[in-house]
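# Report on the structure
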Amino acid sequence: MSTLTGMGGIGKTELARQFGWQQWREKAYPGGICWLNVAESDGGFIGTSILDFARVHLKLTLPDEGELDVKIRYCWQNWLAGNVLIIFDDVRDYQQIRDYLPPQEDKRFQVLITTRKEYLSATIATFRVEVLKEKDALDLLRSYLEDNRIDTQIEAAKLLCQDLGYLPLALELVARLLVRRQDWKISKIREKLAENGLDEPSLDKNPKFHGEMTAERGLKAAFNLSWEELHSEPEAQILALYLSLFALAPFPKGMILDLFPDEDGDTVEEWLTDSLVHLSLVQDNRDGWYEIHPLLRRYFRDKLEASPHAEPAKRRYCEIMSKKSAEMPQNLTVEIVEEFKPFLLHLQTSVGEYPQYIADEDLFWSYTGLARYYNGQGLYAIAEPYYQACLTATRTRLGDNHPDVATSLNNLALLYQSQGRYTEAEPLYLEALDLRKRLLGDNHPNTKTCRNNLQRLRQQQKPTSLTWWQWIIVTPIVILWMQWIIVTPIVILWMPFYLLWMLTRWLVRRFIR
């Protein structure tokens with residue numbers, strides 16, 4: 001007995017169907033292949049479907065008397081000889097099918113189950129269906145668009161696959177639309193998807209054109225099914241909304257737990273693992289990190305923006321990111337760079353998408369940690385916008401007379417100084433020094449640091465004066481260099497005349513005498 005599990009739209013049903021047809025063509029199951037569409041059916045319907053299959057395809061004469069379970073047991077006992085494959089499609093709960101499974105002791109019966117549940121049963125082998133690789137996603141588009149449109153717009157096609165998270169259902173729906181819109185460029189459908197998100201009509205199943213599709217629903221409807229299963233677990237739904245704030249990158253469990261500081265960590269982990277991961281709404285990467293599919297993230301984000309949780313969620317997210325950013329040291333090592341790399345996109349999302357939700361006391365570190373990360377690697381061009389944004393944000397929110405403004409001025413001046421941009425650095429140092437004197441006093445360590453930075457800058461701007469021992473070393477070198485510069489051109493210039501004179505003397509001696 002095996003289970004295919006994965007998020008809605010991943011292609012579990014199609015994969016099971018293709019497997020079934022392949023086994024049918026290879027005659028691997030002489031006892032037959034029985035497909036049972038479970039979905040929202042009750043147990044009685046599943047049992048009746050098994051009986052109908054036995055009557056129609058196996059030509060079994062079923063007993064008139066007896067309960068449903070008795071008749072089903074009769075079917076299993078009198079099934080055709082040979083191996084048999086039973087496929088239960090779209091199972092929501094193991095209890096739906098438990099009483100209708102073939103006897104486990106009869107090894108000729110093999111069962112394949114498709115479900116969105118990550119943990120359907122501990123006794124069943126589970127195989128997670130993953131999204132497509134880029135090459136396979138492009139091949140799927142090519143299978144619908146055979147007019148070379150994909151290869152002539154290959155870069156746009158790759159971006160489209162990325163936009164859709166390489167999800168088979170989304171790719172199929174978009175491909176079918178492009179078949180009907182022969183004059184559309186791929187960039188146009190990308191623009192419509194960016195504008196409308198999951199409400200884009202191309203992501204909805206149109207019965208007028210999609211009758212032969214395996215999928216029974218459009219993309220948003222497929223997501224709705226999983227979301228509706230969480231109606232009895234509102235806390236898990238709220239957690240899903242909060243998780244949509246993370247960037248499109250894996251995020252650690254620690255940050256997830258920090259989203260709800262007033263809740264017990266085990267309780268939050270239960271919402272995460274037993275609800276969201278279990279329903280394939282969040283992917284567990286098995287290393288303490290989790291991830292959300294791009295389209296599910298958009299689905300959750302839309303719900304977040306329409307809910308009263310949007311503002312507190314964003315404020316809490318920014319608070320967590322500021323705390324992480326403040327851990328960035330002034331001097332980086334290779335190990336520290338690698339340690340912070342997985343957090344970068346999430347830190348950038350905080351200052352890039354939600355700057356208005358960053359608390360006043362967190363403004364400075366939200367930007368400075370990122371600036372330090374790049375500055376410490378010598379990536380000054382990337383660090384500069386963060387230092388500038390930090391200065392602008394602290395000035396705007398905190399006013400001109402605030403210690404964080406002085407530190408932001410000093411940091412930006414240091415960046416300019418390290419690049420030799422002395423004329424840009426000096427006025428920033430002067431402003432920072434004046435501000436620190438007024439706010440902290442002349443003898444405060446931060447004031448002294450700023451004064452020392454300014455003095456060092458001015459020393460760098462002065463012509464270099466050599467000591468006596470440096471003159472002893474440098475003078476001979478300069479003399480030799482000057483001789484080379486002056487004498488060498490003269491020698492080169494007069495050499496042809498000298499050679500001509502010598503040749504003339506030799507000829508006179510040789511022939512005139």
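A brief structural summary. As the structure is a prediction and not an experimental result, all values here were calculated from the model.

## Topic: the overall build of the protein
A tally of regular secondary structure across the protein gives 23 helices and 8 strands. Taken against the 2.2 N^0.38 rule, which gives 24 Å for 513 residues, the C-alpha radius of gyration of the protein at 36 Å runs more than 25% over that of a compact globule. Overall, the protein is about 135 × 90 × 50 Å in size when its C-alpha atoms are taken along their principal axes. Every one of the 513 residues in the protein was classed for burial, and the buried ones make up 44%. Long-range pairs, those at least 24 residues apart, make up 69% of the contacts in the protein between residues at least 6 apart in sequence. Of the roughly 27700 Å² of accessible surface on the protein, a fraction of 54% belongs to carbon and sulfur atoms. Considering the protein, the positive charge centre built from 59 side chains and the negative charge centre built from 69 side chains are found 11 Å apart.

## Details of helix α14 (residues 294-305)
Given a rise of 1.5 Å per residue, 12 residues ought to cover 16 Å, and the 16 Å separating the end C-alpha atoms of α14 matches this to within 8%. Where α14 is concerned, the buried positions are Leu295, Leu296, Arg297, Tyr299, Phe300, Arg301 and Leu304.

## Here we look at the side chain of Glu200
Looking at the element boundaries, Glu200 is found in the loop between α9 (186-196) and α10 (219-228). Lys192 is the oppositely charged side chain nearest to the buried, salt-bridge-free Glu200, at an N-O distance of 4.4 Å. Setting aside residues no more than four positions away along its own chain, Glu200 makes contact with Lys192 and Leu193.

## What to know about the nonpolar core
Leu219, Phe223, Leu243 and Leu276 are the most contacted members of the largest nonpolar core, which has 117 residues in total. Tallying contributions element by element places helix α8 (residues 168-180) first for this core, with 8 residues. With sequence-adjacent residues up to four places away left out, Leu276 is seen in contact with Leu230, Ala236, Leu239, Ala240, Leu243, Trp271, Leu281 and Val282. Among the nonpolar cores identified, the runner-up in size contains 28 residues, and Leu58, Leu62, Val84 and Tyr100 belong to it.

## Side note on the pattern of salt bridges
Inspection of every chain in the model, using the stated rule, returns 33 salt bridges. Glu172 serves as the salt-bridge partner of Arg176, at 3.1 Å between the closest nitrogen and oxygen. Residue Arg176 and its partner Glu172 are located together in helix α8, separated by 4 residues, close to a single helical turn. Of the two residues, Arg176 and Glu172, both sit in the buried class.

The rules behind each value
Residues numbered from 1 in each chain as written. Predicted model: local features only at pLDDT ≥ 70, side-chain atom pairs only at ≥ 80, totals over all residues. Heavy atoms only, no water. Helix = DSSP H or I, 4+ residues; strand = E, 2+ residues; numbered from the N terminus. Rg over C-alpha atoms; globule rule 2.2 N^0.38 Å. Buried < 20%, exposed > 50% of the residue type's maximum accessible area, 1.4 Å probe, protein only. Contact = heavy atoms within 4.5 Å. Areas by Shrake-Rupley, 256 points an atom, 1.4 Å probe, with all protein chains shown as cover. Lys, Arg positive; Asp, Glu negative; His and termini not counted. Charge placed at Lys NZ, Arg CZ, Asp CG, Glu CD. Expected span 1.5 Å × (residues − 1). Salt bridge = Lys/Arg side-chain N within 4 Å of Asp/Glu carboxyl O. Core = buried A, V, L, I, M, F, W, Y, C linked by side-chain atoms within 4.5 Å.

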